[in-house]
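Results of the structural survey
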Amino acid sequence: MNADLQSMLAADADAVETYLRSLLRRQSDAPSRIIEAVEYSLLGGGKRLRPALVLAMFRAAGGAPARQQTALAAAGAMELIHCFSLVHDDLPAMDDDDLRRGRPTNHKVFGEAMAILAGDAMTTLAFEAIASDAAPAVSPQLALELARAAGPAGMIGGQVLDIDSERAMLSLDDLQRVHRLKTGALLVASCRMGVISAGGDESQLAAAGAFGRHLGLAFQI
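Residues numbered from 1 in each chain as written. Predicted model: local features only at pLDDT ≥ 70, side-chain atom pairs only at ≥ 80, totals over all residues. Heavy atoms only, no water.

**As for the overall build of the chain**
In terms of helices and strands, the chain carries 10 helices and 2 strands. Order of helices (α) and strands (β) in the chain, N terminus to C terminus: α-α-α-α-β-β-α-α-α-α-α-α. The globule rule puts the C-alpha radius of gyration for 221 residues at 17 Å, and the 17 Å found for the chain is close to it. Dimensions of the chain, computed from C-alpha atoms along their principal axes, come out at roughly 50 × 45 × 35 Å. Each of the 221 residues in the chain was classed as buried or not, and the buried ones make up 45%. (Helix = DSSP H or I, 4+ residues; strand = E, 2+ residues; numbered from the N terminus. Rg over C-alpha atoms; globule rule 2.2 N^0.38 Å. Buried < 20%, exposed > 50% of the residue type's maximum accessible area, 1.4 Å probe, protein only.)

See below:
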């Protein structure tokens, strides 16, 4: 990997992690056990690809320093949704995985009930981040983008199709639909949310979305 790119990704990951830690510190009234379970998965490493895309597209769209907090809120929200999906995917009712990122999965450490609640907490925290820290002018658009990408016509819908197609021979079109929703939807939204955070125009949004769709397919391949 190019050294400059590696350095940029590392800096973006550090910025997002700092933001996420600050968001969790605000949850002073929450039971410590749920924060511990959230931290275990949210701050347990990973490539931070999706938040990196948010920040990269923010810069590409000419995002001003004054809008940096909005971009960080969008990036943090995206990582929260991604991590929620991993915790729930690992559950016995889904993929029944024992390991994630080289460590025992959340439900193996905290139990199934707490893992479900940790995923739920990360989902709500994602929208709290946008509502609290994104610029009011774009926070509704960011929330809508994220909700659509994560919801029944996005990532969750893709997971449904994946479950329904187990042991089935899918056509190429059907397989691409699963991938487009299950993985591609959040990548597209990451790119678009970076542009939205920067206050970009419709042509920039369209270009970011097209890039995200191609990246999602390449990611699956």
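**Focus: the packing of helix 1 (residues 3-25) against helix 3 (residues 49-60)**
Between helix 1 and helix 3, whose axes approach to 9 Å, the crossing angle comes to 110 degrees. If you check the angle between helix 1 and helix 3, you find them roughly perpendicular. Only Pro 51, Ala 52, Leu 55 and Arg 59 of helix 3 make contact with helix 1, whose side of the interface consists of Met 8, Leu 9, Asp 12 and Val 16. (Axes fitted to C-alpha atoms, helices over the stretch in contact; angles between N-to-C directions. Parallel < 35°, antiparallel > 145°, perpendicular 65-115°, else oblique. Contact = heavy atoms within 4.5 Å.)

**A closer look at the packing of helix 3 against helix 4 (residues 68-89)**
Following both chains from N to C, one finds helix 3 and helix 4 inclined at 155 degrees, their axes separated by 8 Å at the closest point. Compared by their axis directions, helix 3 and helix 4 come out roughly antiparallel. At the point where helix 3 passes helix 4, the crossing takes the right-handed sense. Residues Arg 50, Pro 51, Val 54, Leu 55 and Phe 58 of helix 3 touch helix 4, and the partners they reach there are Gln 68, Ala 71, Leu 72, Ala 74, Ala 75, Met 78, Glu 79 and His 82. Here the residues of the contact of helix 3 with helix 4 sort into 9 nonpolar, 2 polar and 2 charged. (Left-handed = near helix turned anticlockwise from the far one by under 90°. Nonpolar A, V, L, I, M, F, W, Y, C, P; charged D, E, K, R; others polar.)

**Some remarks on empty space enclosed by the protein**
Across all of its chains, the model carries 1 cavity of 30 Å³ or more by this definition. Around the largest cavity, the lining is made up of 13 residues, and of these Tyr 40, Ser 41, Arg 100, Arg 101 and Arg 103 lie nearest the centre. Elements supplying a minimum of two residues to the lining of the largest cavity: helix 2 (32-42), helix 4 and strand 2 (103-104). Among the elements that take part in the lining of the largest cavity, helix 4 stands out by supplying 3 residues, more than any other. Among the residues making up the lining of the largest cavity, the classes are represented as 5 nonpolar, 4 polar and 4 charged. (1 Å grid on protein atoms, 1.4 Å probe; cavity = no way out; pocket = protein on both sides within 12 Å on 5 of 7 lines; lining within 4 Å. Points joined across faces, edges and corners; volume = space filled by probe spheres on them.)

**Some remarks on the pattern of salt bridges**
Across all of its chains, the model carries 10 salt bridges by this definition. Across the salt bridge formed by Glu 17 and Arg 48, the nearest N and O atoms sit 2.9 Å from each other. With Glu 17 in helix 1 and Arg 48 in the loop between helix 2 and helix 3, this pair connects stretches of sequence that are 31 residues apart. Connected through salt bridges with shared partners, the residues Glu 17, Arg 21, Arg 48 and Glu 79 form a single ionic network. (Salt bridge = Lys/Arg side-chain N within 4 Å of Asp/Glu carboxyl O.)

**A short note on a negative patch on the surface**
Taken together, the side chains of Asp 95, Asp 96, Glu 112, Asp 164 and Glu 166 make up a negatively charged region of the molecular surface. As for its position among the elements, Asp 95 is in the loop between helix 4 and strand 1 (99-100). (Patch = residues over 30% accessible without salt bridge, like charges linked within 9 Å, V, L, I, M, F, W, Y side chains within 5 Å. Areas by Shrake-Rupley, 256 points an atom, 1.4 Å probe, with all protein chains shown as cover. Lys, Arg positive; Asp, Glu negative; His and termini not counted. Charge placed at Lys NZ, Arg CZ, Asp CG, Glu CD.)

**Topic: the layout of surface pockets**
Estimates place the volume of the largest pocket at around 540 Å³. Looking at the largest pocket, it is lined by 25 residues, and the ones nearest its centre are His 82, Ser 85, Leu 86, Asp 89 and Lys 182. Class assignment for the residues of the lining of the largest pocket results in 10 nonpolar, 6 polar and 9 charged.

**Side note on the packing of aromatic side chains**
The way to describe two aromatic rings as a pair is by their centre distance and the angle between their planes. Taken as a whole and assessed by the stated rule, the structure comprises 1 aromatic pair. Above the plane of the ring of Phe 219 lies Arg 50, whose end atom (NZ or CZ) is 5.8 Å from the centre. The side chain of Arg 103 reaches across the aromatic face of Tyr 40, ending 3.8 Å from its centre. (Phe/Tyr/Trp six-rings, centres within 6.5 Å; stacked < 30°, edge-to-face > 60°. Lys NZ or Arg CZ within 6 Å of the ring centre and 35° of its normal.)

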